[in-house]
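Residue strings, one per chain:
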Amino acid sequence: MTDTLPADPDTAADIEAYRRAARAWLDETELPVVPREFEKRAAVLRDWHRRLYDAGWVGIQWPKSVGGQGLTVDHQLAFSLELAHARAPQPVGSIGLEVVGPTILKYGTAQQHDRFIPRLLAGEDVWCQGFSEPDAGSDLASLRTRGVIEGDELVITGHKVWTSWATNADWCAVLVRTGTLESRHRGISYVLVDMRSPGITVNPIAMLNGDAEFNELMFDGVRVPLENVLGEINGGWSLTMDTLGWERAGYAIRRRVENEISFSDMLDTVRSNTTGEPDERLAERIGRLDLELSAFRALSSQTARRLASGDVPSPMDSVDKLVLGRTEQHLAGTALDLLGAYRLAISSRPGGLDAEGISKDYLYGRAASVYGGSAQIQKTLIAERLLGLPKGR
Ligand SMILES: Cc1cc2nc3c(=O)[nH]c(=O)nc-3n(C[C@H](O)[C@H](O)[C@H](O)COP(=O)(O)OP(=O)(O)OC[C@H]3O[C@@H](n4cnc5c(N)ncnc54)[C@H](O)[C@@H]3O)c2cc1C
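Residues numbered from 1 in each chain as written. Predicted model: local features only at pLDDT ≥ 70, side-chain atom pairs only at ≥ 80, totals over all residues. Heavy atoms only, no water.

Section: the overall build of the chain
Okay, step 1: For the chain, the helix and strand inventory stands at 10 helices and eight strands.
Okay, step 2: The globule rule puts the C-alpha radius of gyration for 393 residues at 21 Å, and the 21 Å found for the chain is close to it.
Okay, step 3: When the backbone C-alpha atoms are referred to their principal axes, the chain occupies close to 75 × 45 × 45 Å.
Okay, step 4: Counting over 393 residues, the chain shows a buried share of 51%. (Helix = DSSP H or I, 4+ residues; strand = E, 2+ residues; numbered from the N terminus. Rg over C-alpha atoms; globule rule 2.2 N^0.38 Å. Buried < 20%, exposed > 50% of the residue type's maximum accessible area, 1.4 Å probe, protein only.)

As for the domain arrangement of the chain
Okay, step 1: For the chain, the assigned domains read domain 1 (9-92), domain 2 (127-235) and domain 3 (238-386).
Okay, step 2: Using C-alpha coordinates to define each centre, domain 1 is positioned 30 Å away from domain 2.
Okay, step 3: Each side of the interface is counted separately: domain 1 has eight residues, and domain 2 has six residues.
Okay, step 4: Summed over both sides, the interface of domain 1 with domain 2 buries roughly 610 Å², with 56% coming from carbon and sulfur.
Okay, step 5: Of all residues in domain 1, F38, A42 and R46 give up the largest surface area on contact with domain 2, accounting jointly for 72% of the area buried on that side.
Okay, step 6: Along the contact surface separating domain 1 from domain 2 lie two salt bridges.
Okay, step 7: Its salt-bridge partner being D170, residue R46 comes within 2.9 Å of it at the nearest N-O pair.
Okay, step 8: Our count for the domain 1 to domain 2 interface comes out at three residue pairs in polar contact (both at pLDDT 80 or more). (Domains from an automatic or database assignment. Contact = heavy atoms within 4.5 Å. Buried area = accessible area lost by both parts, 1.4 Å probe. Salt bridge = Lys/Arg side-chain N within 4 Å of Asp/Glu carboxyl O. Polar contact = N/O pair within 3.5 Å; in protein donor to acceptor, adjacent residues only side chain to side chain.)

Regarding the side chain of E82
Okay, step 1: By the element assignment, E82 lies in helix α3 (residues 73-85).
Okay, step 2: Among the polar contacts listed, one links the side chain of E82 to the side chain of R23, at a separation of 2.8 Å.
Okay, step 3: Ignoring any residue separated from it by four or fewer positions in sequence, one finds E82 in contact with R19, A22, R23 and L26.

This is the structure:
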């Protein structure tokens, strides 16, 4: 389960040495125990983020000028793989690091970089993403949360929903309508909002797996300085596409690595529980998963290079998102069937399947074909933008 090393032998040796250094650091580091209760997780993960950052393992491929390590996507992949192998959690600020942060880096002014990025990398500011609304999900360009300019401020009033991690976030990337409703995507601005601003109410929503990971956000006359607008007023749509591209493609790269570790746990469990002939139906599903994961790995090496070269957003983001969603759901479904087949009781990771974790992963996996844009929407984007098929009505 190794990623293909770069062809150039010096670079390959460098990545291998980096991977060994990461493994050594993880081996000698006391890893955090992530509480099962969602509400207790943020504090533990914030502390973990800080420790990773202090040791130089956050912002690996971010430029040194903004506090990153100035290394390559291959270094980042090598570290992600070791982190997943060690069963260590991700840093808390993954929405900032993987989704919103790259858009701030690309479109922000020098002042916005200085103000937001070092704190984002250090885990001092955790970010959330306030795009979706009760009547604007797939059709995001119909969003209604108003942003009215008053002097040097934008006054925001409206209702966002499904905002992941908002209870723990310090900042939110919020899409607001600064033009008319009819202007659709041409009347949207992308604003960076301090979650401690007066007028914001966060109402947690319990998910199918019991965690209250996402939330409803109410904005009641929230005043935000105009200097917090990223890009131009009414020019937020291209930034939105950029953020969604990172969410679809960047997140898929990391989840692929984590899915491979779960698959490896699954194989260990099958090996240690199987006597005689394996169950044919399960064997077939496991074989299919192996193929899916191999294809996913090949796709994600291309994606890593694409993101590193700045080719985002791209219709290929939708392919990444679809492949991630399908693989994740097949993996979680097969793991659940294994629980039944082997009548497994709860066992703790590492080194085996964890019944409670599997049940939660299965339920969370249902969302993989919805968050970041639903599977149906990704298929339409692929048909129209990648294959050049005529637009549907
Ligand atoms: C776990 C999770 C975390 C999330 N986190 C965030 C977050 O942090 N921030 C945020 O802003 N949002 C977040 N979301 C919201 C997510 O982006 C939306 O749920 C998603 O875009 C779909 O929008 P919707 O829920 O309004 O569904 P709808 O758009 O109402 O869609 C309902 C169904 O209709 C289908 N459909 C809609 N339009 C079409 C069409 N034109 N053609 C074919 N089928 C169509 C969809 O595929 C879907 O199956 C999260 C969602 C989940 C599940």
